[in-house]
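Summary of the model geometry
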Amino acid sequence: MSDQTRFTLSQNDIPKFWYNIHADSPLAPAPVLHPVTLEPVTPEFLSVLFPMEIIQQEITRERYIPIPEEVREIYQLYRPTPLIRARRLEKLLDTPAHIYYKNEGVSPVGSHKANTAIPQAYFNKISGVKALTTETGAGQWGTALSMAGHFFDIDVEVYMVNVSYHQKPYRRIFMEMYGATVYPSPTTLTQCGRALLEKYPDHPGSLGVAISEAVEVAAMSGGTKKYSLGSVLNHVFLHQSVIGEESLKQMDMAGEYPDVVIGCVGGGSNFAGIAFPFLRENLTHGQRTRLVAVEPTATPSLTRGLYAFDYGDTAKMAPVVKMYTLGHTFIPAGIHAGGLRYHGMGPAVSALYNAGYIEAVAVNQLSTFEAAKQFTQTEGIIPAPESAHAVRTAIDEALDAKAKGEKRVILFNLSGHGHYDMTSYEKYMQGALEDFQYPLEAINAAKSDLPVVNF
């Protein structure tokens, strides 16, 4: 039908393989370094935090990694996710552009994070792990891992960024419903947390701090706990590739191919998930799709950050990776896109951006919420504040196409719904939100805290 809006695959179309961008990327991955010696890490060091199967996925150059049947069976709860053409939004904008979105908000936890939480819990389970520690910003990742941990009978301990813990109480309750234990980070439970609270009793928290606490607890557990994370590293991007693999099939069903693919970025997982399979088509089949990563002006790691080796956490316990960074001491403003408040960008996304294979833009908070309202009132879905950054840029692309009088096929990843973000939307409607531009002088000052690396 010519006015079709939904493009739905069958459960038989759930991908059987994850895609690894490192198989096709012309860029050699930079080494991952030990946080103390600043020498390349060994599998033995990483095994303190991760099971060996995850470590192998982190370093492999294989193009396709089989998805275990136990994982695909749980994927069936919500995958394949629908691809939807936003015809009502197109009409509002009066644009010749065609706007499509991949709706990852239909997962049980309301976001794309389940795509990696399920396999991470599975690989820890078959390795004999009984408990996992993790951080979470807005709570989407913590919720996903809490669900996956319960499915595989693994205890989950979540360190939630303090400001988000109080902004988004229903995320905490969601995690606790799955049996997880949730702490507002920084806490008095870790050496890192106690040191910060002694200096700053009202510390708002950050993803870097929450990572430090989760890593410390896992590292000091004597092997009884492992660490799990929802973004940044390659194995996470690998698991998220199911989004793009399904999207390729669905765009074919729609009879179109995207000129531009868009995703919001904090650490890079949902963007990589939808964009990397399309990047493969650019690299191997001559397609010319633009791939656009969207970040907040409050945490502009790609658009204003330093491309350098930096610690993955505030306490300098996590491995050192080469990435676009605002500095590991970065304390973000309390913007309402809590999942985008990380100080750095995933190494794979960073390297590809630095080499010009992907693009990046930064958008401010008020215009992002304005776009979310337009999307809600036309498509009926309230997007997560993080996902609203992709909505903003999709609308900007559609308006640009209108101004230039050209058809443009736009695909963006609606990485999650905003049902637990009503406090944020209430503040927007009350006029209580404001824009924040991260100051350039703070970025320049971060240079002095970067590790000195001879690579």
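The present account deals with the structure reproduced in this document. (Residues numbered from 1 in each chain as written. Predicted model: local features only at pLDDT ≥ 70, side-chain atom pairs only at ≥ 80, totals over all residues. Heavy atoms only, no water.)

Focus on the environment of Gln56
Here is the rule: Only DSSP runs of H or I covering at least 4 residues are called helices, and only runs of E covering at least 2 are called strands; the numbering of each starts at the N terminus. In this scheme, a residue with accessible area under 20% of its type's maximum is buried, one over 50% is exposed, and one in between is partly exposed, where area comes from a 1.4 Å probe on protein chains only.
Looking at where Gln56 falls in the secondary structure, it is placed in helix α2 (residues 52-59). Note on Gln56: relative accessible area 42%, which makes it partly exposed.

Overview of the pairing of strand β12 (residues 306-311)
Cut-off, in case you're wondering: Paired strands, in this sense, are two strands between which DSSP finds at least two bridges.
A large share of β12 lies buried, amounting to five of its six residues. Relative to strand β13 (residues 320-325), β12 is paired through six bridges, and the arrangement is antiparallel. Each bridged residue has a counterpart across the sheet, and for Ala308 the counterpart in β13 is Met323.

Describing the sheet that holds strand β9 (residues 225-227)
The line we're drawing: Every angle, taken between N-to-C directions, lies between 0 and 180 degrees, and every axis is a line fitted to C-alpha atoms, over only the stretch in contact when it is a helix. Working rule for contacts: check all heavy atoms of both residues, and any pair within 4.5 Å makes them a contact.
Pairing is parallel in the open sheet, where four strands are placed in the order β8-β7-β6-β9. Strands at the two margins of the open sheet, each flanked by one partner only, are β8 (181-185) and β9. This sheet shows a mean twist of 25 degrees between the axes of neighbouring strands, independent of strand direction. Sheet topology places strand β6 (residues 131-136) next to strand β7 (residues 155-161); six bridges connect them, and they run parallel. Note on β7: the bridge partner recorded for Thr136 is Met160. Contacts between helix α6 (residues 140-151) and the sheet are confined to β6 and β7, with β6 contributing the most and set at about 165 degrees to the helix.

Some details on a nonpolar patch on the surface
The criterion, for reference: Patches in this entry comprise residues that are over 30% relatively accessible and not in a salt bridge; like charges within 9 Å are linked, as are nonpolar side chains (Val, Leu, Ile, Met, Phe, Trp, Tyr) within 5 Å. Areas reported here follow the Shrake-Rupley algorithm with a probe of radius 1.4 Å; residue values treat only the protein chains shown as occluding. A side-chain nitrogen of Lys or Arg and a carboxyl oxygen of Asp or Glu constitute a salt bridge if their distance falls within 4 Å.
Residues Tyr170, Ile173 and Met177 make up a contiguous nonpolar surface patch of about 360 Å² in total accessible area. Structurally, Tyr170 can be placed in helix α8 (residues 169-177). Overall, Tyr170 belongs to the exposed group, its relative accessible area being 52%.

Examining helix α15 (residues 347-354)
For α15, the set of buried residues is Ala348, Val349, Ser350, Ala351 and Leu352. In the core, the buried residues of α15 are packed alongside α11 (234-240), α13 (269-285), α14 (301-304), β12 and β13. Gly356 occupies a position one or two residues after α15 and carries a positive phi of about 90 degrees.

Observations concerning the nonpolar core
Convention followed: In these notes, a set of buried Ala, Val, Leu, Ile, Met, Phe, Trp, Tyr and Cys residues joined through side-chain atoms within 4.5 Å is what counts as a nonpolar core.
Within the largest apolar cluster, 89 residues are counted, with the highest numbers of intra-cluster contacts made by Trp18, Phe50, Tyr75, Ile118, Tyr227, Phe276 and Val349. Excluding residues within four positions of it along the chain, Ile118 makes contact with Val71, Ile74, Tyr75, Tyr78, Met147, Ala148 and Phe152. In terms of nonpolar packing, the next biggest core, distinct from the first, is built from 24 residues, Ala97, Ile99, Tyr101 and Ala398 among them.

Here's the deal with the sheet that holds strand β5 (residues 98-103)
Pairing between the strands of a sheet comes from backbone hydrogen bonds, and it takes one of two forms, parallel or antiparallel. The strand order across the open sheet formed by seven strands is β1-β4-β5-β15-β10-β11-β14, and the pairing between neighbours is mixed. The outermost strands of the open sheet, each flanked by one partner alone, are β1 (6-7) and β14 (359-363). For strand β10 (residues 260-264) and strand β11 (residues 290-296), the ladder comprises five bridges, and the chain directions are parallel. Looking at the pairing, Val261 lines up with Leu291 of β11.

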